[in-house]
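Here are the chains, one letter per residue:
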Amino acid sequence: MTILNFRLQHKLSVVDKSVIDNDSNVHIFYSSNNSTGKTTLMRAILYTLGFNIPDTELVKFSNYDFYMRLKVNGKLFDIHRRDALIVINNIEYDLPVDEYAVRTILFNISNRDLLENLLGAIYFDQEKGWTLLNRGTIIGSNRFTIENFFRGLNDDDSEESYRLESELKAINKKIAQYNLMDNVAEYQAEVNQNINRNISYESFDEELEKKLIELRQRLSILENELKLINDIIKRNKDFIDYIERKKIFISLNDGSVLQVTRKNLYNYNSVFDSNEARRSLLVAERNNLRYQIASIEASREKQLTFETLPSIEEQLVQRLADIKPIGAVEVKAILKDLKKEKEKISAQLLKKTTYNNIWVSKVDSIVKKYAKELNIPEKYKIDIFTHKLKSKSGAILHKLVFIYKLAYIKVFSEKIGYALPIFCDSPNGREVEKSIIYEMLRIIKRDFSEHQLFIATICDYTNIFNDADVIKMDGTLFDQYNLFEASLSNKVTE
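All values reported here derive from a predicted model rather than from experimental measurement. (Residues numbered from 1 in each chain as written. Predicted model: local features only at pLDDT ≥ 70, side-chain atom pairs only at ≥ 80, totals over all residues. Heavy atoms only, no water.)

Helix and strand counts for the protein come out as 14 helices and 15 strands. With 494 residues in all, the protein has 45% of them scored as buried. Nonlocal contacts in the protein, meaning residues at least 24 apart in sequence, comprise 70% of its contacts between residues at least 6 apart. Of the roughly 26200 Å² of accessible surface on the protein, 49% is carried by carbon and sulfur atoms. (Helix = DSSP H or I, 4+ residues; strand = E, 2+ residues; numbered from the N terminus. Buried < 20%, exposed > 50% of the residue type's maximum accessible area, 1.4 Å probe, protein only. Contact = heavy atoms within 4.5 Å. Areas by Shrake-Rupley, 256 points an atom, 1.4 Å probe, with all protein chains shown as cover.)

Right under this line is the structure:
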């Protein structure tokens, strides 16, 4: 996957600004000073790829038109994004409604779990990314969850996994609510705002039941269509395989003969690509429907479960509804039960995630290899599913995040069949020596040379990447023309 060029244009300007205009494999956004637009530029590129990226402090992305030419597995995509509208090869999509369809098209990925964890695998963010090991928020509303990531790699789109995940989300929400109640100082104000809309023990909503029936009907129709397109693709492939195996020749007007192959069979490749694209969109839509169905079913099960909860919680909920004081002992008792249930479901989900999953062992092997190369002490036990980060120093955590991300990118690229780009914002950390950063970047140069690399930095890394495209940032890239200046510019040109 290669970004061939990238341009931007302010809505009040009559000219655009070209930032990237070559297919170099390394682009360095460099300035010796901070606040010159390096991070903003990197985020703008991700924004143009359809990700939900927040504005930076001084630049509002909705004020700009962004243009990109992208090459993925030999296919070219011309992208134009303005605010919520993104146009890909002259076809319009609305964000965030079509965000999964956009990612499916650009990255040729249909699995929902992979789509949701894509940004977390390829992006090192200077704010949170260099402390995000395996779970958490990357940037804006984008999150990375290691369990979901591995389920995506393993093509696990089973209803059981969706159900367990939905149950876990529901319990986490309840734990967050009761932790809030446990904070006496915040109790009165927070409960007044949240109790009526966050806690409900009414029977399952009839509207949701209708929606569930509708979703199942749509899923059935979609699965039939997917089965049909799969059958068409298979039949077409079997047919051309048969033709090539039989070595059929045709006679040309000039007297020569030509063997019939998939390369010269008229319109075969375009039909095949069209069918593949349709299948990818259908798979993405099917997975989305399954996810919605599992969420509603989990909600229904939760409502039924609440009917059998101990009377202590029923009494507590009633007291909350009446805005009466809450007993801390009661809240802690409920929290204890909820956390036990969370541990139980988490264990089931982890077992489901790791069972017969070759990608887990691959990531584990890569992490251990780089940990040894970067001299991470053996006392730091390598556990890709760990929740214990507080025991790791800043420098060790920085190294671990780096090698975990490399492992994610390596297996992700292997899964989808092409090299994903790497976006590295401010690799230099406060507690990390420069020599260690150089060592880390040399690993990328040595082992990830086929991946396009973007680095935003205040350090000069051209001694490592001597053929890099260095874009020097001086704080003027996102300067805007006003209408008066644009008018003058036109007159001078004329």
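On we go.
Take the sheet that holds strand β6 (residues 85-88) next. Judged by pairing direction, the sheet is antiparallel, and its six strands sit side by side in the order β2-β1-β4-β5-β6-β7 without closing on themselves. Strands with a single pairing partner mark the edges of an open sheet, and in this sheet they are β2 (17-20) and β7 (91-94). On average, each strand axis in the sheet is tilted by 20 degrees relative to the strand beside it, whichever way the strands run. Judged from the four bridges that link them, β6 and β7 form a sheet pairing that is antiparallel. Its bridge partner lying in β7, V87 is registered against E92. On top of the sheet, helix α2 (residues 99-107) reaches β4 (64-72), β5 (75-82), β6 and β7; it is set at about 30 degrees to β6, its chief contact. (Pairing = 2+ DSSP bridges. Axes fitted to C-alpha atoms, helices over the stretch in contact; angles between N-to-C directions.)

Moving on, we get to the pattern of salt bridges. Oppositely charged side chains may form a pair once their charged atoms are brought near each other. One pass over the full model with this rule turns up 24 salt bridges. Between D238 and K234 there is a salt bridge, and its shortest N-O distance comes to 2.9 Å. Taken together, the residues span about one helical turn, with D238 and K234 both in helix α7 (residues 206-246) at a distance of four residues. The exposure class assigned to D238 is partly exposed, which follows from its relative accessible area of 37%. Each of K237, D241, E244 and R262 takes part in one network of salt bridges that share partners. (Salt bridge = Lys/Arg side-chain N within 4 Å of Asp/Glu carboxyl O.)

As a further point, take the pairing of strand β13 (residues 422-425). Side chains I422 and C424 of β13 all project onto a buried face; the interleaved residues F423 and D425 project onto the opposite face, where all are buried too. As judged from the two bridges shared by strand β8 (residues 123-124) and β13, these two strands associate in the parallel manner. Within the sheet, the bridge partner assigned to Y123 lies in β13 and is F423. Summarising the sheet, β13 and strand β14 (residues 453-457) pair through four bridges and their orientation is parallel. Counterpart to I422 in the pairing with β14 is L453.

Turning our eyes to something else, we now look at the packing of aromatic side chains. Between two aromatic rings, the relevant description is the distance of the centres plus the angle of the planes. Tallied over the entire structure, the rule returns 18 aromatic pairs. Clustering of aromatic rings is evident, with ring pairs tying together F144, F149, F150, F385, Y404, Y408 and F412. When the ring centre of Y67 is taken as reference, the NZ or CZ atom of R7 above it lies at 4.6 Å. A cation over a ring is seen here: R81 above Y47, with NZ or CZ 3.7 Å from the ring centre. (Phe/Tyr/Trp six-rings, centres within 6.5 Å; stacked < 30°, edge-to-face > 60°. Lys NZ or Arg CZ within 6 Å of the ring centre and 35° of its normal.)

Before going further, it helps to examine the pairing of strand β3 (residues 26-30). Buried residues dominate β3, accounting for four of its five residues. One ladder, built from five bridges, connects β3 with β14; its direction is parallel. Note on β14: the bridge partner recorded for H27 is F454. Sheet topology places β3 next to strand β15 (residues 469-472); four bridges connect them, and they run parallel. The residue bridging F29 from the neighbouring strand is I471, located in β15.

This part takes up the environment of K339. Residue placement: K339 occurs in helix α10 (residues 328-354). Residue classification places K339 among the partly exposed residues on the basis of a relative accessible area of 41%. Sequence-wise, K339 and I175 are 164 residues apart; in three dimensions their C-alpha atoms are separated by 7.4 Å.

This part is about the confidence of the model for the protein. Atomic detail in the predicted coordinates should be set aside for any region of low pLDDT. Chain-level statistics for the protein give a pLDDT mean of 82 and a share of 83% at 70 or above. In the predicted structure, residues 185-203 sits below a pLDDT of 50 and forms 32 contacts with residues beyond four places in sequence or in another chain. In this model, residues 483-494 is a region of pLDDT below 50 whose contacts with residues beyond four sequence positions or in other chains number five contacts. (pLDDT = per-residue confidence, 0-100.)

Next up on the list: the sheet that holds β15. If you walk across this open sheet you meet the five strands as β8-β13-β14-β3-β15, and the pairing is parallel. This sheet does not close on itself; its edge strands, each paired only once, are β8 and β15.

Right, let's talk about the side chain of T457 for a bit. Mapping T457 onto the fold places it in strand β14. Here C459 takes part through its backbone nitrogen, which lies 2.8 Å from a polar atom of the side chain of T457. In contact with T457, not counting residues within four places along its chain, are I28, F29, Y30, S31, K38, P427 and N428. (Polar contact = N/O pair within 3.5 Å; in protein donor to acceptor, adjacent residues only side chain to side chain.)

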